[in-house]
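Tertiary structure, described
Listed below, chain by chain, are the residues.
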Amino acid sequence: MGTTVTTNLGLIKPDIDESIKENLPTFPGWAAQNASNCDKIDSLFRASTSTYTLNWTASTSNPTLGSGGFTEGKYIRLFPRMTFVFFRIFMGGAGFATGSGHYRINLPFAVDPAVAAFTAEGLTIGKAIFQDASAVLTSSVFLVDYLNTSSVCIFRPSAGGLWDNASPVVPAQNDRISGYVMYPTSDA
Amino acid sequence: MALTLPTPVGSNFMKDFPGQNSTAVDRIDNYAGPCLTSHPLQSYIPVLSAVTTPPVLGTGGSAILRGNFYEIFDQIYLWAEFRYGTGFSAGSGNYTMSLPFNVDSTIGPDIAAGGAVVLGNGFVWDASTLLGRQPVIVSLRTSNQVQFCMRNNSGGASRNVDNSNPITWAIDDGITFAARFKRIP
């Protein structure tokens, strides 16, 4: 009589004679074992969406969102340290200011040091689309690169360089940018 | 079903269920256990090559050739890069870098830009010129090699990153890229 556990996850395995030998009215039984197993699996898979505070900043002075503007960051963690982040920024209307310098966003968790140790020039971990509300041709696709020197992500345009307040497109009222990144974190 | 978890059967539920449940948790553990309980981030050294003559990485502090990949069952999330060091040689022909596994793809590899499955993105790093830092598309050239395709409306002479495109290679220049794919076991 008794139970054993699986090698890796420690899931409870009922002894095949357990139900016969236990005193069933007081034996918590398989329901309790199954609940424990389910909780353990669920915590490891972590297949749930969470929200974090997305900060849109710039290397010299930060942009200011206008009326109705917002930032939004959500992430999913899977298996168990892979992080998938989805973000969007709406510049808003009156009161928007571009700030100055190249634009950056933060991540919900630090990038695993082994990957973050890639060169300081950045590591491609995602993509983003910028919608220019006033001009179709300056809407742009950016790579999203992680900079380990400052633990932020920057935006790399197709023509080279970095997206900043002057090039390749100047953000203005009612413009938007959204994108994703995926990376491993060492956080448990 | 991937795990072939047993559906409870048998005329005596009280007797039969424990054994079936024991089998089920073992199968879950075997499938997901190693991935969930170890840190699935691993490293590998990619092979930098070119179609005609392989480049020589060079030496010194700026010479880098490395890769990491995160493994979720048979799904691979990979990051890799190289930077040229002292004494490098740019080689000849389209540049390639190796993957740690063969790729399972229904589209498959192709030597033509636009003919193969796209695995990810990256950028050329020009240490001396800001506008030389250009994004590239990572496509599958062979079953375990990628090549790098780029934007060409600025008048470049090649659709692919090679020994002379999109920049004239120098010390500290290189490529950093990310790719994801399903591996062949």
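Anyway, here's the lowdown on the structure attached to this text. (Residues numbered from 1 in each chain as written. Chains lettered and ligands numbered in written order. Predicted model: local features only at pLDDT ≥ 70, side-chain atom pairs only at ≥ 80, totals over all residues. Heavy atoms only, no water.)

1. Some details on the overall build of chain A
Within chain A, the secondary structure is distributed over three helices and eleven strands. Each helix and strand of chain A, placed in order from N terminus to C terminus, yields the pattern β-β-α-α-β-β-β-β-β-α-β-β-β-β. A total of 188 residues make up chain A; the buried ones form 46% of that total. A total of about 8200 Å² of accessible surface is found on chain A, and carbon and sulfur atoms cover 55% of it. (Helix = DSSP H or I, 4+ residues; strand = E, 2+ residues; numbered from the N terminus. Buried < 20%, exposed > 50% of the residue type's maximum accessible area, 1.4 Å probe, protein only. Areas by Shrake-Rupley, 256 points an atom, 1.4 Å probe, with all protein chains shown as cover.)

2. A look at the pattern of salt bridges
The tally for this structure, following the rule as stated, stands at seven salt bridges over all chains. In this structure, A:Asp145 engages A:Arg156 in a salt bridge whose closest nitrogen and oxygen atoms are separated by 2.6 Å. In this pair, A:Asp145 is assigned in strand β9 (residues 140–147) and A:Arg156 in strand β10 (residues 152–157), connecting sequence segments eleven residues apart. Like A:Asp145, the residue A:Arg156 is buried in the burial classification. For B:Lys182, the salt bridge goes to B:Asp104, with nearest N and O atoms at 3.5 Å. Residue B:Lys182 is located in strand β9 (residues 174–182), and its partner B:Asp104 is located in the loop between β5 (95–98) and β6 (118–125); the two are separated by 78 residues in the primary sequence. The exposure class of B:Lys182 is partly exposed, given its relative accessible area of 34%. A single network of salt bridges, built from pairs that share partners, joins B:Arg66, B:Glu81 and B:Arg83. (Salt bridge = Lys/Arg side-chain N within 4 Å of Asp/Glu carboxyl O.)

3. Quick notes on the sheet that holds strand β4 (residues 56–58) of chain A
All names here are of chain A. Taken in spatial order, the nine strands make up an open sheet running β3-β5-β6-β11-β8-β9-β10-β7-β4, and their pairing is antiparallel. In this open sheet, the two strands that pair with only one neighbour each are β3 (49–52) and β4. Taking the axes of each pair of neighbouring strands and ignoring which way they run, one obtains an average angle of 30 degrees across the sheet. Taken together, the seven bridges between strand β8 (residues 123–131) and β9 define a ladder with antiparallel strand orientation. Bridge pairing in β9 links Gly 126 to Val 144. (Pairing = 2+ DSSP bridges. Axes fitted to C-alpha atoms, helices over the stretch in contact; angles between N-to-C directions.)

4. A look at the layout of surface pockets
Any empty space left between the atoms is revealed when a probe the size of a water molecule rolls over them. If you add up the space inside the largest pocket, you get close to 240 Å³. The residue inventory of the lining of the largest pocket, partitioned by class, reads ten nonpolar, four polar and no charged. (1 Å grid on protein atoms, 1.4 Å probe; cavity = no way out; pocket = protein on both sides within 12 Å on 5 of 7 lines; lining within 4 Å. Points joined across faces, edges and corners; volume = space filled by probe spheres on them. Nonpolar A, V, L, I, M, F, W, Y, C, P; charged D, E, K, R; others polar.)

5. Comments concerning the packing of aromatic side chains
Counted by the stated rule, this structure contains 25 aromatic pairs over all chains. On the numbers, 5.8 Å between centres and 85 degrees between planes, the contact of B:Tyr84 with B:Trp169 is edge-to-face. Of this pair, B:Tyr84 sits in the loop between β4 (75–83) and β5 while B:Trp169 sits in the loop between β8 (145–150) and β9, placing them 85 residues apart in sequence. Exposure remark for B:Trp169: the relative accessible area of 7% places this residue in the buried category. In textbook terms, an aromatic cluster arises when at least three aromatic residues are bridged by ring pairs, as seen for A:Trp56, A:Phe87, A:Phe96, A:Tyr103, A:Phe130, A:Phe142, A:Phe155 and A:Trp163. Geometry around A:Phe109 places A:Arg77 over its ring, the cationic atom sitting 4.6 Å from the centre. For B:Arg183, the ring lying beneath its charged end belongs to B:Phe101, and the centroid distance is 4.7 Å. (Phe/Tyr/Trp six-rings, centres within 6.5 Å; stacked < 30°, edge-to-face > 60°. Lys NZ or Arg CZ within 6 Å of the ring centre and 35° of its normal.)

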